[in-house]
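# Summary of structural features
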Protein chains: 2
Amino acid sequence: MEKIKIAISGYGNLGKSVEAGILQNNDMELFGVFTRRDPSTIKTLTGAKAYLADEAPSFADKIDVMILCGGSATDLPKQGPFFAAHFNTVDAFDTHAKIPEYFEEMDKTAKKAGKFSVIAGGWDPGMFSIMRLYNEAILPEGGTYTFWGPGVSQGHSDAIRRIEGVADAKQYTIPIEEAVNAVRGGVNPSLSARQKHKRVCYVVAREDADKERIEREIKTMPNYFADYDTTVHFVTREELDRDHSGLPHGGIVITTGKTGINKEHGHTIEYKIALDSNPDFTANVLLAFARAAYRLNREGATGAKTVADIPPSYLSPKSPEEIRRLYI
Amino acid sequence: MEKIKIAISGYGNLGKSVEAGILQNNDMELFGVFTRRDPSTIKTLTGAKAYLADEAPSFADKIDVMILCGGSATDLPKQGPFFAAHFNTVDAFDTHAKIPEYFEEMDKTAKKAGKFSVIAGGWDPGMFSIMRLYNEAILPEGGTYTFWGPGVSQGHSDAIRRIEGVADAKQYTIPIEEAVNAVRGGVNPSLSARQKHKRVCYVVAREDADKERIEREIKTMPNYFADYDTTVHFVTREELDRDHSGLPHGGIVITTGKTGINKEHGHTIEYKIALDSNPDFTANVLLAFARAAYRLNREGATGAKTVADIPPSYLSPKSPEEIRRLYI
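The following refers to the structure shown.

Each value, and the rule that gives it
- Residues numbered from 1 in each chain as written.
- Chains lettered and ligands numbered in written order.
- Predicted model: local features only at pLDDT ≥ 70, side-chain atom pairs only at ≥ 80, totals over all residues.
- Heavy atoms only, no water.
- Least-squares fit on C-alpha atoms with pLDDT ≥ 70 in both.
- Contact = heavy atoms within 4.5 Å.
- Core = buried A, V, L, I, M, F, W, Y, C linked by side-chain atoms within 4.5 Å.
- Buried < 20%, exposed > 50% of the residue type's maximum accessible area, 1.4 Å probe, protein only.
- Axes fitted to C-alpha atoms, helices over the stretch in contact; angles between N-to-C directions.
- Helix = DSSP H or I, 4+ residues; strand = E, 2+ residues; numbered from the N terminus.
- Parallel < 35°, antiparallel > 145°, perpendicular 65-115°, else oblique.
- Left-handed = near helix turned anticlockwise from the far one by under 90°.
- Nonpolar A, V, L, I, M, F, W, Y, C, P; charged D, E, K, R; others polar.
- Phe/Tyr/Trp six-rings, centres within 6.5 Å; stacked < 30°, edge-to-face > 60°.
- Buried area = accessible area lost by both parts, 1.4 Å probe.
- Polar contact = N/O pair within 3.5 Å; in protein donor to acceptor, adjacent residues only side chain to side chain.
- Pairing = 2+ DSSP bridges.
- Right-handed = clockwise from strand over helix to strand, strands pointing away.
- Expected span 1.5 Å × (residues − 1).
- Salt bridge = Lys/Arg side-chain N within 4 Å of Asp/Glu carboxyl O.
- Patch = residues over 30% accessible without salt bridge, like charges linked within 9 Å, V, L, I, M, F, W, Y side chains within 5 Å.
- Areas by Shrake-Rupley, 256 points an atom, 1.4 Å probe, with all protein chains shown as cover.

Now for the relation of the copies chain B and chain A. A rotation about an axis combined with a shift along that same axis relates the two copies of the chain. Taken as rigid bodies, chain B and chain A are interconverted by a rotation of 180° and an axial shift of 0.0 Å, the fit giving an RMSD of 0.0 Å. Expressed as an axis order, the relation between the two copies is that of a two-fold axis. By C-alpha distance to the rotation axis, the residue of chain B lying nearest is B:Pro311, at 2.0 Å. When the interface residues of chain B are mapped onto chain A, 100% of them are again interface residues, pointing to one common binding face.

This next bit is on the nonpolar core. The biggest cluster of nonpolar side chains holds 96 residues, and the ones touching the most others in it are A:Tyr271, A:Phe289, B:Tyr271 and B:Phe289. Among all residues touching B:Tyr271, those that are not within four sequence positions of it are A:Met131, A:Ile269, A:Glu270, A:Tyr271, B:Met127, B:Phe128, B:Met131, B:Gly251, B:Ile252 and B:Val253.

This brings us to the packing of helix 2 (residues 75-84) of chain B against helix 3 (residues 99-113) of chain B. All names here are of chain B. Viewed as axis vectors pointing N to C, helix 2 and helix 3 meet at an angle of 15°, and their least axial separation amounts to 8 Å. Comparing their axes, helix 3 and helix 2 come out roughly parallel. Here helix 2 runs over helix 3; the crossing is right-handed. Taking contact as the criterion, the partners of Leu76, Pro77, Gly80, Pro81 and Ala84 in helix 2 are, on helix 3, Tyr102, Glu105, Met106, Thr109, Ala110 and Ala113. A per-class count over the contact of helix 2 with helix 3 returns 8 nonpolar, 2 polar and 1 charged.

To continue, consider the packing of aromatic side chains. Residue and element names in this part refer to chain B. Under the counting rule described, the total for this entry stands at 24 aromatic pairs over all chains. Taking 4.9 Å as the distance between ring centres and 75° as the angle between the ring planes, the aromatic pair formed by Phe82 and Phe83 counts as edge-to-face. Note on Phe82: relative accessible area 33%, which makes it partly exposed. Judged by relative accessible area, Phe83 falls into the buried class, the value being 1%.

What follows concerns the interface of chain B and chain A. Each partner contributes to the interface: chain B provides 62 residues, whereas chain A provides 62 residues. Summing the contributions of chain B and of chain A, the shared interface buries around 5,700 Å²; its carbon and sulfur component is 64%. Of all residues in chain B, B:Arg324, B:Tyr327 and B:Ile328 give up the largest surface area on contact with chain A, accounting jointly for 14% of the area buried on that side. The tally of links between chain B and chain A comes to 31 residue pairs in polar contact (both at pLDDT 80 or more). Of all the secondary structure elements, the ones that give two or more residues to the side of chain B that touches chain A are helix 3, helix 4 (127-138), strand 12 (249-259), strand 13 (265-275), helix 10 (278-298) and helix 11 (320-326) of chain B. The greatest single-element share of the side of chain B that touches chain A, amounting to 11 residues, is contributed by strand 13 of chain B. Classifying every residue of the side of chain B that touches chain A gives 33 nonpolar, 16 polar and 13 charged. Bridge count for strand 13 (residues 265-275) of chain A against strand 13 of chain B is 9 bridges, and the pairing is antiparallel. Paired with A:Tyr271 across the bridge in strand 13 of chain B is B:Tyr271.

It is worth spelling out the sheet that holds strand 12 of chain B at this point. An order of 7(A)-12(A)-13(A)-13(B)-12(B)-7(B) is seen for the 6 strands of this open sheet, with the pairing classed as antiparallel. One side of each edge strand has no neighbouring strand; the edge strands of this open sheet are strand 7 (142-148) of chain A together with strand 7 (142-148) of chain B. Strand-to-strand, the axes of this sheet are offset by a mean angle of 5°, without reference to chain direction. Strand direction decides the pairing type here: strand 7 of chain A and strand 12 (residues 249-259) of chain A, joined by 7 bridges, are antiparallel.

All names here are of chain A. Burial along strand 4 (residues 65-68) is two-sided: Val65 and Ile67 and Met66 and Leu68, pointing in opposite directions, are all buried. Of the strand pairs in this sheet, strand 1 (residues 4-9) and strand 4 are connected by 4 bridges, and their pairing is parallel. Bridging across to strand 4, Ile6 finds its partner in Val65. As judged from the 4 bridges shared by strand 4 and strand 5 (residues 88-91), these two strands associate in the parallel manner. Within strand 5, the residue paired with Met66 across the bridge is Thr89. Crossover strand 4 to strand 5 through helix 2 (residues 75-84) is right-handed.

Another aspect to go through is helix 3 of chain B. Taking 1.5 Å per residue as the helical rise, helix 3 of chain B with its 15 residues ought to reach 21 Å, and the 21 Å between its terminal C-alpha atoms agrees with that figure. Listing the buried residues of helix 3 of chain B in full gives B:Ile99, B:Tyr102, B:Phe103, B:Met106, B:Asp107, B:Thr109 and B:Ala110. Against helix 11 (320-326) of chain A together with strand 4 (65-68), helix 2, strand 5 (88-91), strand 6 (116-119) and strand 14 (303-306) of chain B lie the buried residues of helix 3 of chain B. Looking one or two places after helix 3 of chain B, you find B:Gly114, whose phi comes out positive at around 75°.

What follows covers the pattern of salt bridges. One pass over the structure, following the stated rule, counts 38 salt bridges over all chains. For the salt bridge of A:Glu217 with A:Arg213, the shortest nitrogen-to-oxygen distance reads 2.9 Å. In this pair, A:Glu217 and A:Arg213 are both assigned in helix 8 (residues 211-219), 4 residues apart and thus about one turn of the helix distant. A relative accessible area of 34% means that A:Glu217 is categorised as partly exposed. The shortest N-O distance in the salt bridge between B:Arg36 and B:Asp75 comes to 3.3 Å. Here B:Asp75 lies in helix 2 and B:Arg36 lies in the loop between strand 2 (28-35) and strand 3 (50-52), a separation of 39 residues in the sequence.

Residues and elements named next belong to chain A. Structurally, His244 is set in the loop between helix 9 (237-243) and strand 12. A polar contact of 2.7 Å, which involves the side chain of His244, links it to the side chain of Tyr172. With residues near it in sequence (within four places) discarded, His244 still touches Lys170, Tyr172, Tyr202 and Glu239.

On the surface, a cluster of nonpolar side chains totalling about 260 Å² of accessible area is made up of A:Leu23, A:Leu45 and B:Ile261. Within the element layout of this structure, A:Leu23 appears in the loop between helix 1 (13-22) and strand 2 (28-35). Residue class for A:Leu23 comes out exposed when judged on its relative accessible area of 53%.

These figures capture arrangement, not role.
Have a look at this one:
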């Protein structure tokens, strides 16, 4: 069997997780890693070769799918269209508000190139998006809620690190159990940001830094913390490295709805994930969609799609007969 | 907007639930109900008209999708191909072992007719099938477990009713919490049927019936009960009607898996449903797939597919733009 040749653009946490994930998928192999850094400085986990990102187009005929592992804020808006002009791509673009704009750009570029791009993969957006869609299609009269965590939010951790006097920090987003249970109860509660999640921060302060000021600046930071109950723990560098070096995450999508001629029946659907490693899980989702992108493009599909447009069976390495026998 | 014209074949619990479910979907309308009984004896919930099943083909141009609500044991193997020769169809065929055979028959018939059939909808097979497939595509190194209940198993209730001296019965299938938690722990435990589920029966005995014999016959019944810890409660007709008239059900699909270059990260995915009414939920799933069948056939797709082959976005009444904005 010919293997699907995957390449990775961007060799941070997510890129490394994609590299490891490929080893779990027997129908895939890694071509190499593309980077904006000096490739000679990149030492990959598996010994895969690193190349300059700018040179990627010259390898277009050697790569089936390029997995875009850059960040959504500044990397993907440029890298997405750059790669989509030459490769089937999969990414985890997650700036919700800019998805329509990014979609248009990727769709236009991929169509022109005769390639296929899956955007906004991963788990949210990604699997959680798919679940929200399925759930609301099944229970049209109801309500859908998403809770995130318990887990490390990199955006919030970064925001703390930008505060004067902070040497390092990790921020955990934690769903509030009472809110989750209220949703499960089927009453479609109105929940403020503060009622849904709390935030717990572990902060390493620089020597002589004013911890009271740091704590105040965290708790009052608009958008990130001001609307939540936030707890700040100051820890040593050793404690942070020992107890908070991982990137666990998770969350729940819950939909409740009523059915029956008199709306007499209640139903609850819950999709819950608990992840030791957010980048590993995200990478594995992207790889499953890479398989789909490869197949769909071989069948003639071009342009950009979101995860909601991909038939589930295209994600599986199993044949239609095996799928019917094993999963249905 | 032109509405999707739905018809129902078979007016039992599931057929009634489909009729009620159509009222929740603004883009659908009910054409009528097809039955093998005398149509004049059918009084529908919404006043929809009943027709003889044999006459259905003459209404082919007035109906977009026929929802097949017959049983899998004897109805669908005949009714499926009969209707697929004239209509787009959706069904909840659930005899797992016979799905390949049923699929071939439906695929051949629908292709010849230029129609589209979604087979094995509902929740298991159905949404649970989709979840098993997604989960294992994302976590290739892991294990997937399905637990059913707590809920009423109609097949097991029927089996009890066939015992001499039983006037009526309801059987609840209940997952064993220790087993569910062992699976969540990620150890991929080996679990026997007895370790995964227990069975609780509420039985109305006929006057003068030998209750000890009935209980013994239930508990030793091969396939249905012998491999499980079964509890039998004898109740009065009044108690059964008062406390056990509903058809609640539910279940969980759990996948755990390892990732990381040294398999150092564990992950858990759970999909859990809790349903006041098994037929209502099943009906709503079938209606969402009816929407997909209608659209796919209009786009030129013919033949049979399982739920795993349908892009999630085809289930939603929302436009691609709305889906990207609301769900992704």
